[in-house]
Structure formats: C-alpha cells, structure tokens
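# Observations on the three-dimensional arrangement
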Amino acid sequence: MNSNTVFSVVDLETTGNSIHEDNRIIQFSCALVQNNKIIRVYSTNVNSETEVPARITKLTGITNDEIKSAPTFKQIANKLYKLLSGTVFVAHNVNFDFPFLNHEFQRVGHAQLNIKAIDTVTLSQILLPMVPSFRLRDLTSYFNIKHDHPHSASSDAIATAHLFLILVKRMKTLPTPTLKSILGLQLQLPLNTGQLVQSIFQEQVHANRKLPAHLMYRHGLVLRRFTRQKRDGDKAVYPYPFSNHEKQMEFSTQIRFIPEQVKLMNTLYDNYQAHQPDNLLVATNKGMGKKFGYGLPMAYLSHNRNQKVIISLGNRDNELDFVNKTIPVIKQLAPFNVSYSILKSANNYIDLNRFFVSLRTDKRSVQIQFIKAQILVWLTMTKTGDLGELNLSNQSPYCNEINHQGVKSIRPTQPFYRVDFLKRARNSNKYSNFLITTHDYLLRHAKQISQQNQKPLLVIDNALELNDSVMRMNHITLELNHVNVLIRKIQGIINNTHTLSLNDILGHQKQFRKSVERVSSDLNAISAFLEPIQKRISTRFLGREFERPNDKHLTGLVDVGKLRDEYNFEKQRFNQIKAKWKACFENANRIVSGPNHGYSLKEQAVVDHFQALVLEMTREIKQYHEFTERLKQQSDDLIVSVYANQVHDLNNAFLTAETLSPRLDLSQSLFKHFPAALLVDNLNIDSRIRKFTFDQLGMQMPNKRLVQIEQLMKRQSLSVVDDGPMLNATYDSKPVDYFAEVIVKALKHGTNQNYFLFNSKQLLRQVYFALTERHINDHYNVMAEGISGNQSKLIKNILNDGQLTVLGTIATLETSREIAKQPQSIFIVDLPILLGDSPKQRLLLSQVNNLDGDSFKDFIVPNAILKLNQALALTNPNQWLAILDSRLVNTDYGRQIATSLTSQFALERMPTRRINFATANFFKNFIKK
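Parameters at a glance
Residue indices begin from 1 for each chain and proceed along its sequence in written order. Selection of residues for local features in this predicted model requires a pLDDT of at least 70, selection of side-chain atom pairs for listing and counting requires 80 or more, and totals for whole chains, interfaces and linings are taken over all residues. Calculation of side-chain values draws on the structure's entire complement of heavy atoms; hydrogens and water are dropped beforehand. Think of pLDDT as the predictor's per-residue confidence, scored from 0 to 100. Strands are runs of DSSP state E lasting at least two residues, helices are runs of H or I lasting at least four, and both sets are numbered from the N terminus onward. Throughout, exposure labels follow a simple rule: accessible area from a 1.4 Å probe, protein chains only, divided by the maximum for the residue type, with under 20% read as buried, over 50% as exposed, and the rest as partly exposed. Side-chain rings of Phe, Tyr and Trp (the six-membered ring for Trp) are treated as a pair once their centres are within 6.5 Å; stacked means planes under 30 degrees apart, edge-to-face means over 60, and tilted covers the remaining angles. At least two bridges found by DSSP between two strands are what make those strands a pair.

## Considerations on the confidence of the model for the chain
Taken over all residues, the pLDDT of the chain has a mean of 88, while the share at 70 or more is 97%. The weakest mean pLDDT in the chain belongs to helix H10 (residues 244–251) at 75; the strongest belongs to strand S5 (residues 117–119) at 97.

What follows is the structure, encoded as structure tokens:
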C-alpha cells in the first residue's frame, strides 16, 4: 500500500445488523481516495425487495417509498464489483461492511470481492487513544469534518474518507521506533489493517526519518520532552484591576467581560482582602463563565501573596475545561507567570519501568497487547503520564500492573528514573500557582495538602458534587470471596510449575527463599482464619429472606446489631488476620526490593505481577479493617446492605457499609485546614433553601456568606406534563403502566436516543419489567441501569448505539460530559422527593423526622430542589427536556420546586398526548436555527 493505491471508502445502510437474518442493503456509498485526496464519489439507494423496518427508517430517514424505484442489488452488483476491484476496501467497522457486502454478492450469484480491507475504528483506537468516543459522528465532530447526515451512506462514506486521510497522516508522524514496537506486539487487527501499519513503517525506514525535536528516545520508548519547572523569580506585586475602568485599561483590547463575571471577580477579591475573610458560597447561572470569573482574581492573589490556590473541580471534564480553556486566557491576561499542576494519587500515573518490563515480556492476551499499542502512541503525546487521559478503564487489571506504586518505589537505578512521571508531577506541584484536584482527593488528603502547601486558598467548583464525594468516602464494599481469590493468585505466582515462579527466581538464595516461604505460610494462615468467619456470614446473612422474587438474587439491609455481634465474636480472628498480613507485607517488600544484582526482565515481570497482587491484597485487608471500625462505632447512621447471586454463595457476594445523615459537617475534616473557602455552583438559591444548602455542603462554620449572581440569558425550554398520576411511596399498576406507555410512544414517535431519568430505583425496575411484558426489546434497544448489565456495559452502549433508550439514574449521566450529551431527549420521570420507597430512604426519612422543625419544608422540598437542579445542570440546549411528574405543577410543594427553575428554564405545561408532537416540533425548529 502506498499513496498511489486507490482506497475505496465504503458505507452501507441495511435493514438490520446481521447477515444471518435475511437483512439487505438499502443504500451503498463509496468515496475513492488516491494520493491523499478524494477522487470520486458514488452513491445509490438499493431496492432491498423487503420492507424497511420502522426503526431503520427512524435512524436513516430511508423509507420504503424511496427504495421502491431504486435498482435491486442484483442489478448493480456487477457495477459495484468493477468499482471496488483492485482497490483497498476501507470502512468504519470493516468487519460489518465488508462481509455484508460479500454476502449480498453471494446472495445474487455474483463473485465475491477478494481485495484487502482496512478498519478505521481500530486505527482510531490506536492512533487517537485520548479521544473519548470512536463513533463516526463523534470523531468527525472532534476533527471538524463536515458530516451533516449521520446514518446516510453518502455522508458517512465521505466523512470516513476524510477521517481515513487524517489517520494515515497521523500514523506517518509517529516515530519509527514507536511503529516498530507496535508491529512487534503482533496485534490481531481486522482483516488487512496491520498491513497498512507495516507499509507506513517501511516507508519511514527507507526515508530514515529523524526523531522530531519535541520527542526523546529512552530505553526503547519514545516520550514527549518536558521542561523541568522551576521557582518563579518574579517577586513584584501587581495591583488587581478592581474597578471597571481599570479592567478596561488593563484588558480592553484582549477580552470582553460579562458584568456578572466582574461582580464575581470583585466580590471574591474584596473578600480575601478582609482581615478575616468569609467562607463564600457563590451561586451562578449556567453558562456565565464562572471558572474565569474566579480564576483571574485567584491568580492575582496567588502571585501577590506567594500563596497557592487549590481548585477542586469535581470531575475530569471540569478539569479539562479549566486546563484547556480557562488557564490559557488567564495566562494571556495576567502580567505575571501563571502555572498549574494536577494533584492526584500516585496510582493515576503510569510507571514507565513497569510498562517497559510488561512490553518486553507479557503477551498474555490480545486485549492487553492492543492496550500496549495505544499506550505507545499516547507516550508520544502525554505531558503528564496520567492514565486517566486514555480512553481506557482505570479499573482494567492491566492498568493496575503498570500504574505507579508511589514515591517510595522510585529508585535511582531504574532506567526511567530521570523521566518518571510521578516525580515530575510532584516537582511541578512545588512551583505552581494553581493545584487542580478532585473532590474525592481533596476530602481524603485535606490536611496533607494544607501542610505541604502552607495553608493555600481553596476553591471548590461544582460544589453540589461535594456531597456525592462524601457519600463515596463513607461507602465501603467488601467482596466476601476476593481475599481468597487473591491468596490463590499470589500462591500461584510463588509455586507456579508451568511458567517462571518466585520459587524458581529466589529458591537458590537462602535469605529470599525464607521470605517467600514466610509469605506462603502467612497466606495459608490468613485463609484458615478467614474460613470460619465467612461460613458464619454465609449462614446468617446470605439466606432466603434476602431473595429477590424476579431474578432470585439476594439483596437487602442487614441487621447492623447482629453483624456487630458477629464481629465481636470473631474479633480475635480479625486481629490475627491483620497481624499475619503485616508480617506478610514486610516479607513481600523484601522480595520486591530484590537482591543487589537486581532481576532480569523476565524475573522483573513476575515480581511486578506479584507486587500488584500484594498491593491489591493490602487494599482489601484495609477495607476489612475500615468496615469493622465502622461497626465498632455504634452509630445509628450506619446501614449495611447485602448482595449475592444466590443463597449462601460467597463467590459473588458483597457487604456494603455506608453512613447516611441528613446533615453534613466538614468544618473539622476539611474547612479548618484552609484560611477561607470559595464554593461555586450553578444554582438559584433563595431564602427557603439557604440553610439547607449550607448543610448539604458541610458549611457549619459561623463565618459564611451566600452570594447569588444572576445573569439575564435565554432560558432553556422545559416541558412539564400536567395530567400524569400522582406518585406516592407505593407504585401500583397505574403509574407504572402510565410511564411504560409514555416510553413506548416515545420509542415509536420520538427521537433515536432517549434517557428516562428515574430518582426511584424501585419505580425504574417496575417500569422496565412492565416494558419487557410488552416485548419492547423485540423492536427497540432498551437498557435499564442495574438490570441490563453493569455500568461500564451501559456506558459502552450509550456511546456506541445510536438508537438506544436508557432507563437510568443521575449517576450514569454524571459519569462524564460525553455520556450526558448523547441522549437527544431527556425525560425526568419522577421528582427527587424522599418517599421512603427503599430501605435507605426509610432510614434517612426517620433521621429527617427526628430533626427540629418541619422536616418536609426544611429538608424534603429543599433536597428535591437541589437534586433536580443537579440533574438539569447536566443537560444542554440541544436536548429536548421534559418532566413527566405532574406533582411539579399540581401540588404546592411542586410549585415551590418549579419556582427554583424559572431563572434558567422556560417551563411549559402540557398534557401527555402532546409530548411527542412537542418533541418533534423542538427538533424541527432546532434544525431550522
């Protein structure tokens, strides 16, 4: 393959996804590419001689009437064969298009194509490892490729052709050593995709391409060069442009300020000039530019006071926004140097030493080899080494084998010591103005962050997510059989007779042999101590009383008093397990440190795998300790739930402990470590929910102040159904059938991708099972959170299925901005009002009812306002929004909730029958705009 090769970039629209169900092609399109440009485009509808299913018409816009007058595949088969012969076939998911096309040739009795074929999905995954989605429409959006009609063959083929040219160009810029390493992985790529990589590698070898200046070669890996950050020598104090006139004089030619941004800037700068500044909660409108609004004055404060600023942003999407959009503007405007770095745990970073060993030795699976190829490309791009940049799951077992184990694991004798990413990050932290982190990390390390950075200023953006982070911190899950699984794996590494084992490596060295023997012995002892504990748990807490009627899984709340009694009975064994693991860990560390002469590459791979399992075991033992500590506290706020696949089965059984409390107090654990905090979020806070909001954010300190900054802006449309059933704690057949019918009609007449957001998991389950009774999945793709697979499966389908309808909670939408923007329509099924329809809610309600005052007015309604605002903050103006819970307009408390939305949303009441018409009208007007 070379530039003179003709590539035929093809897209098909078909009546279905399987060639085994008599599906047919209804549209064919091909863009011919040669010498890095499109030279010809051919497209035609195809008469499938079958009915086009309604869901395909809905997806593609192709109707039965359109294809009736089109040629049949048999009539154009010879023309297509001649068009494609002698070319290299290219498609976005070639394993679908190429076999499907050949199946059609075979069906009409024509010779099949015998040409090479390349897949652009696979190339995108390797060459663009940091892109969040590999769907064609998302990739074209990422590269600003014109793609007006997704799921139209001609539009898709031309878009794929442009994408293919970008991918080839990207591959040609990869360093020769990186391409050589990728080829050395012997990847199993679709059809002839690997031959394209091979041909480009050969071109580079012949051209003797030199390494670009921004890259460096270290021990077989190509990395991006970095500049070691140093202390800023600028000691000058720069006056903050406080007045509007001063801002105009300083910045007028560079930026136009929004008045509300100016108010935010001046309010917080003025606050920090006070002798005793207040802790501020700033409530703003969505889209006001709050990050820049607090970022600029905080930069001045940081530089002039030589005081760092911690900025906690909630999630990675907000981190990227701040780094890629806000920081560059601040750097452009500020008359002094502005620098930032990311505060993260060590295990977020890649350990180049561990990856290098894995690259040279470990060839266990096709999937791991593919991930290695992605990482090799990523290393030529990343400045941080943060594994979170990759479009991979950090929960991947392989990530746990190559992630960093902390500063203590860095040794000068290691080949990548000088370029270690964690070392770089910690150095950068010392000299940065802004230290950017997440709420989870902030809550876990507040005291340490404050001590290491001499009492820095603190900004908490997306402040309402702070409560979710506290809930995650208070959430401890024990996988009851996981310790046994880890013990077997570690013993396997010690005694493996099929491959290299620790006994093989260290058996001839007396000192280390004893350490290996002690680890093995201590693991056996832990297993023996654990066995009776697990038997008692299985007998007492995995019985039929927890069995769920629909699927026979076990789920429910455990009697905490009985569980505490079990712990007290088994306390001695728990202490013995803890002591044995401490001794085991010490011996494991001796093994990892190794003899003076070190380990060979093959030996190091075994030791690294051993170390990863030991650290995983340490985390698991720590979980047991934290779980039992919770039990010892005798707290009424503690609840423990159980989940298992079947009665008395430990293999997939979990105990989860969490603390529920209607009030949050972070004054001692968080806020006391910082001079004064600034909390910011998009929210309209009136007097009715002011105290409640402070409570939810843990702001129990006396010196706090609310600042509401509202911006006049166009409001987003929000439809509200006014004739639905009134919901209560027991969901009888009437509301369940009502919501099921609304969903069915939306599937038939609404948009392709819908998200039905439930606040009650019980209602979600009942509605989903009502849909299954209507056999809805025979005709449409419908998934339900917690029922149709785990969250990662659900997310994968949201990103890749253009016709998916999801019944889910806010948790899935909060996963990332990429997930939240996928649905075309979002329906909020029920308001987030505590009804006591689950054991957790009943416990929380009982706590709320014990509070002083009116619990409904002071807690339940304000809680609903905050939760609903959180859900709506995830949406964007391109999405159709509707609330199906008519309590919003038909009850006094509902109208209070509705009032909180009016500054950002234009509410329109309507009967249920108008929903689908209003949806269609919304998108019709949107397309016109």
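## Some thoughts on unusual backbone geometry
Of note, the phi angle at asparagine 144 is positive, near 55°, even though the residue is not glycine. Among the secondary structure elements, asparagine 144 is positioned in the loop between helix H6 (136–142) and helix H7 (153–173). Backbone geometry places asparagine 306, a non-glycine residue, at a positive phi of 55°. Positionally, asparagine 306 belongs in the loop between helix H12 (290–305) and strand S9 (309–312). Looking at asparagine 306, the relative accessible area reads 67%, which means it is exposed.

## Some remarks on the packing of aromatic side chains
Under the criterion given, the structure shown has 24 aromatic pairs. Summarising the aromatic geometry, the rings of tyrosine 240 and tyrosine 269 are spaced 4.0 Å apart at their centres and angled 20° between planes, so their arrangement reads as stacked. With a gap of 29 residues between them, tyrosine 240 in the loop between strand S7 (221–224) and H10 and tyrosine 269 in helix H11 (residues 259–273) connect regions that are remote in the sequence. Residue tyrosine 240 is classed as buried on the basis of its relative accessible area of 7%.

## Notes on the pairing of strand S16 (residues 653–659)
Counting buried positions along S16 yields five of seven residues, so the element is predominantly enclosed. As defined by bridge partners, strand S13 (residues 476–479) adjoins S16 across four bridges and the pair is classed as antiparallel. Residue pairing for S16: glutamate 479 is matched across the bridge by phenylalanine 654. As judged from the seven bridges shared by strand S15 (residues 638–644) and S16, these two strands associate in the antiparallel manner. Bridge pairing in S16 places valine 640 opposite alanine 657.

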